[in-house]
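Understanding the architecture of this molecule
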Amino acid sequence: MKLLRRKFSSALFCSLGACLVTSASAAPDKTADSKALAEDLGSLRNAQVAIEMPDTKKQLTYFAGSISKEDQAKIARLAPNVRIVTGLTPKQAIARATEAHGASARLVTPEFLAKASNLRWVQAPTAGVDRYLGIKPLIENDKIVMTNARGVHGPAIADHAMAMLLTLTRNLNHYAENQKKGEWDRRGGGTSQQIALKGKTMLVVGLGGIGSEIAQRAHGFGMNVIGTRRSDKPSADYISKVGKAKDLITMLPEADVVALAVPLTDETKDLMNSEAFAAMKQGSYLINIARGKVVNTEAMMKALRSGKLAGACLDVTDPEPLPADHPLWKQANVIITPHIASRAEVTTERRSALLVENLRRFGAGEPLLNCVDKKAGY
């Protein structure tokens, strides 16, 4: 991550320096910066070309869910052979499906795919693609390349994860209630004794784009960071130990905080079950910003009530949306937010940069960023 930041910062500095040399009034090349950002947050793992492009560029059409005027102007410059169609309802998209060579996953349904004979690329607006894995005409069609928004949401979600954790460890909910009542009460209260994060151990389950951002913030708080990941890709120096998925049970007893950042697949469904909670340290905390079904809700409730878990930070739940009468709402040592952790202006900027760069690559016949292994589910 540090290397990527230095690389992006250097590119930005050189761009600004060039502007100063050529013209004191010239503006920085925002398009170049956007491309650099997209390449930093995107991945070429499993990279595929959606449509081979001959010397004479083929005219392509992309059905966008929504796209800003500014981004449309960028695409017109960078990929003049790609026509953007936006503002379509699902019904209109189906009626015009034969026009589409690429499309936002939000418009992709079995009915759309049945008519989209020219479709070769689907861009998911999210990192997790579990909601699309049940669409067989998409998953089973090897001619359609699917990409996701891996890396886009990391900074905002990591901030949110730490904010929820601090709310519990500093008993901020208790003091927020006192504030509403105008009470200056220093006696404390809440669900547990206030603790500091420094010196505690965080286990990040899934050191991908989001998990790595969480790990970085935990390190900034002085925590010892350990984690699991599927690949053998090197991790940051401050992550003291990295295991594979099979090592989770043996690593859980080391952690004061367990942060879940894995995709939902057959392998990760109910990953945190009764056995996993039994292995956790007494009085530890759980953060789930992955998917609700990664955690067995009943097993988590038992761990919360017994004190095995001091608290849980949940931006996702199972079921979701969480029914109004669900007992989790009344559990004092739980922080719940309604699957909104990724919301931030930086997320919009990063999503925009990735989409524009992938549309440029699409029009040029180059390998797309963030290609999904549809069989593996990520």
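The paragraphs below set out a description of the structure included in this document. Note that the structure is predicted; figures quoted are calculated from it, not measured.

Quick notes on the rules
Residues numbered from 1 in each chain as written. Predicted model: local features only at pLDDT ≥ 70, side-chain atom pairs only at ≥ 80, totals over all residues. Heavy atoms only, no water. Phe/Tyr/Trp six-rings, centres within 6.5 Å; stacked < 30°, edge-to-face > 60°. Helix = DSSP H or I, 4+ residues; strand = E, 2+ residues; numbered from the N terminus. Salt bridge = Lys/Arg side-chain N within 4 Å of Asp/Glu carboxyl O. Buried < 20%, exposed > 50% of the residue type's maximum accessible area, 1.4 Å probe, protein only. Pairing = 2+ DSSP bridges. Axes fitted to C-alpha atoms, helices over the stretch in contact; angles between N-to-C directions. Core = buried A, V, L, I, M, F, W, Y, C linked by side-chain atoms within 4.5 Å. Contact = heavy atoms within 4.5 Å.

Here we look at the packing of aromatic side chains
By the definition in use, this model includes three aromatic pairs. Centroid distance Trp 121 to Phe 362: 4.8 Å. Interplanar angle 50 degrees. Geometry classified as tilted. One end of the pair, Trp 121, is in strand β4 (residues 121–123); the other, Phe 362, is in helix α13 (residues 345–364), and 241 residues separate them in sequence. Ring-pair connections join several aromatic residues into one group, and the members of that group are Tyr 62, Trp 121 and Phe 362.

Quick word on the pattern of salt bridges
Counted by the stated rule, this structure contains 17 salt bridges. The partner of Arg 217 in a salt bridge is Asp 159, with the nearest N and O atoms 2.6 Å apart. Here Asp 159 lies in helix α7 (residues 154–169) and Arg 217 lies in helix α9 (residues 209–220), a separation of 58 residues in the sequence. According to the relative accessible area criterion, Arg 217 is buried, its value standing at 18%. We note a salt bridge from Glu 298 to Lys 302, for which the minimum N-O separation is 3.8 Å.

Examining the sheet that holds strand β10 (residues 284–288)
Within a sheet, neighbouring strands are paired by backbone hydrogen bonds and run either parallel or antiparallel to one another. Judged by pairing direction, the sheet is parallel, and its seven strands sit side by side in the order β8-β7-β6-β9-β10-β11-β12 without closing on themselves. The open sheet is flanked by β8 (239–243) and β12 (334–336), the only strands paired with a single partner. Pairwise comparison of adjacent strand axes, ignoring direction, gives a mean angle of 15 degrees for this sheet. In this sheet, β12 lies alongside strand β11 (residues 309–314) in parallel orientation, the contact comprising three bridges. Bridging from a neighbouring strand, Leu 314 pairs with Ile 336 of β12.

Details of the nonpolar core
Grouped together as the largest cluster of nonpolar side chains are 31 residues, with contacts concentrated most on Phe 277 and Met 300. Listing elements by their share of this core, those giving two or more residues are β6 (201–205), α10 (248–251), β9 (257–260), α11 (274–279), α12 (297–306) and β11. Of the residues forming this core, the biggest block, five residues, is contributed by α12. Residues in contact with Phe 277, not counting those within four places in the same chain, are Met 272, Leu 286, Val 295, Asn 296, Ala 299, Met 300, Ala 303, Lys 308 and Leu 309. Formed by 29 residues, the second largest nonpolar core is a distinct cluster that contains Met 202, Tyr 238, Ile 287 and Ala 310.

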